[in-house]
Amino acid sequence: MLAAMPPSSSKPRNGGETPIRDRSPDRDRAPGRAPGRDPESDRVRHRGDACPGALRLHGADDGGLARLRLPTGTLTADQVHALADAADRLGDGRLGVTSRGNIDLRGLPDDCGLALAELLADAGLLPSAAHERVRNMVVSPLAGLDGRAYGEARLWARTLDALLCAEAWTTALSGRFLFAVDDGRGDVAGLGGDVTLLAEPDGHALVRIGGRAWRVSAADAPRAALAAAEAFLAAARDAGTGAWRVAELPAGQDVNVTEYLERAAVPAERAAPEPLPVAPPPEPGLVGDRAVSVTAPLGRVTSDQFRALEPEPGGEVRVTPWRGFVVAGFPDRAAAEARLAALDAAGHLTRPDSPWLGVSACTGRPGCGKALADVRADARPLEHGLPVHWSGCERRCGHPQGAWVDALATGDGTYEITVRDDVQKR
C-alpha cells in the first residue's frame, strides 16, 4: 500500500509595455563574487529540498499541489485518462505542464494523498514510491519520429529510470537534480541538466557534467549517467554545503566522474567539452505523417483538453519541456491532420505562428501566496522576439532558459519588464 505525505484581475500599467532594458548575468551578483560565477555555488543548504512530488504534496493557497515525474516523457492512452480523472475527482479539473515536462495537479484536498497514490500506481505511473521525486529527466521529444538525429535516447531514458529506481543510494538525489537525454539534435542538451547524455553518430555518447565530458559507447550511456550522478553525490558530501545541483558545488570542487565510471566498469575517455548543438523546440503542427505537436496555452489545460490528446491504439503522448505534447502513432497523414484540427478546436496551440507560443507564466494569484498579481490573467505576448515569462514574485518560478523577457510583478497591476540572459553551468 502506498502512503502519501501531507501538504508540507490585475491589469499591467501602460498596457504592460513598459520600457525593456537589458539585464546581464552579472547585474544581480553580490559584491566580490567573480563575474559569471553562479550565486548558487556560494549557498550552504541546511535542509533537504521540499520539491513536491506525487506522494508529497505542496500546500498552496488553492489547495495541495502534486507533481508527477515522467522520466521518459511518455503516456499511454490509459494514463492520459487516469490523470484527467485525477484532476476531475481530486483536483481543480486542470493539469499543468512544467518546464521539465512534468505534470502538475492543483487544488487537491489535504486528505486525498492515499487516493491519488493508488490511482497513479494502478495506472503504472509510480514504479517506486521511494524514488518518485528523483526521476527527473528531459528527453528529446521527437526522437525516432522525424529521422533527424541518432542514438536511442528513449531507450536510454527507460534504462536510466530503471537503474535509478533499482538503487537505494539514488534517493539521496535532490528532487531538482536533472538528467537531460538528447538524441544528438541539441534540443534538450541546453536545458541545464546536471548530467547530460548526448548521442553521437558513430555509436557513442557524451556524458557531460560540470563543464566536463566523457565519451562512452551508446550501450553504456545510461550506466555512465548513473555513475556521474553518484560522483556528484560524493562531491556534495565532501563539500558539506548540502548542494542539490552540480552548479551549487563550491568553485573548484572536483566531481571525480572517472573514478565512478571505473567502479561501474564503464570504459570511457575524456572528451573536449565542445559547444553543445542547439535545436529549437518542436513547432506545433504535423511531425512527419504520423505524429502531431501542440502546445498548452500558458502550460495549463482542462481535463477535457488533456483527454483530447488520447493516442491511437499502440501510440503514445510525449510531454515536452516546452509545455507541450507530441501525439505519436497515427496510421497515416489523414488521421494526423484530423487530430490536429480536433486539438485546435479543443484550445491547444497548433500553429507555429501563434504569438502565444513564447508566453509562459507562474501560478500567480490566487494559487500562490507570494504572488503580487494574477499573472495568468495579465499574461500576453510582447513584441520583442524572445520568450516572455510573467512572474508574480522574484522567484520567477518556471522561467525559460537562455535569453528571455522577464515580466515581473511589482504590485497589483504593475510590472517591471527586463531582458535576462541566464548562463547555465553544467
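As shown above, the structure is provided for reference.
A. Seen up close, the sheet that holds strand β9 (residues 195–199). Strand order in this open sheet of 6 strands is β7-β8-β9-β10-β11-β12, and the pairing throughout is mixed. With one partner strand each, in any of the chains shown, β7 (137–139) and β12 (269–271) form the two edges of the open sheet. Neighbour to neighbour, the strand axes of the sheet diverge by 25° on average, direction disregarded. In this sheet, β12 lies alongside strand β11 (residues 212–217) in antiparallel orientation, the contact comprising 3 bridges. Considered in β12, the bridge of Trp214 is made with Arg270.

B. Main features of helix α4 (residues 221–239). The end-to-end C-alpha distance of α4, which contains 19 residues, comes to 27 Å, matching closely the 27 Å that a straight helix rising 1.5 Å per residue would cover. α4 sits mainly inside the fold: 14 of its 19 residues count as buried. A positive backbone phi angle near 70° is found at Gly240, which sits one or two residues after α4.

C. Region of interest: the packing of helix α3 (residues 153–166) against α4. The geometry of α3 relative to α4 is characterised by a closest axis approach of 8 Å and an angle of 45° between their N-to-C directions. It follows from the interaxial angle that α3 and α4 lie oblique. Considering how the two elements wind past one another, α3 and α4 form a crossing that is right-handed. For the pair α3 and α4, the contacting residues are Trp156, Thr159, Leu160, Leu163 and Leu164 in the first and Ala221, Pro222, Arg223, Ala225 and Leu226 in the second.

D. Structural detail: the pairing of strand β14 (residues 291–295). Along β14, 5 of the 5 residues are buried, which leaves the element largely enclosed by surrounding structure. Where burial is concerned, the two faces of β14 agree: the one with Ala291, Ser293 and Thr295 and the one with Val292 and Val294 are both buried. When strand β13 (residues 285–287) meets β14, the two strands line up antiparallel, connected through 3 bridges. Following the sheet pairing, Val287 is matched in β14 by Ala291. Counted along the chain from β13 to the antiparallel partner β14, the turn is 3 residues long, and its residue Gly288 has a positive phi close to 65°. In terms of strand pairing, β14 meets strand β17 (residues 324–328) through 5 bridges, oriented antiparallel. Opposite Val294, over in β17, you have Phe325 as the bridge partner.

The rules we used
- Residues numbered from 1 in each chain as written.
- Predicted model: local features only at pLDDT ≥ 70, side-chain atom pairs only at ≥ 80, totals over all residues.
- Heavy atoms only, no water.
- Pairing = 2+ DSSP bridges.
- Helix = DSSP H or I, 4+ residues; strand = E, 2+ residues; numbered from the N terminus.
- Axes fitted to C-alpha atoms, helices over the stretch in contact; angles between N-to-C directions.
- Expected span 1.5 Å × (residues − 1).
- Buried < 20%, exposed > 50% of the residue type's maximum accessible area, 1.4 Å probe, protein only.
- Parallel < 35°, antiparallel > 145°, perpendicular 65-115°, else oblique.
- Left-handed = near helix turned anticlockwise from the far one by under 90°.
- Contact = heavy atoms within 4.5 Å.

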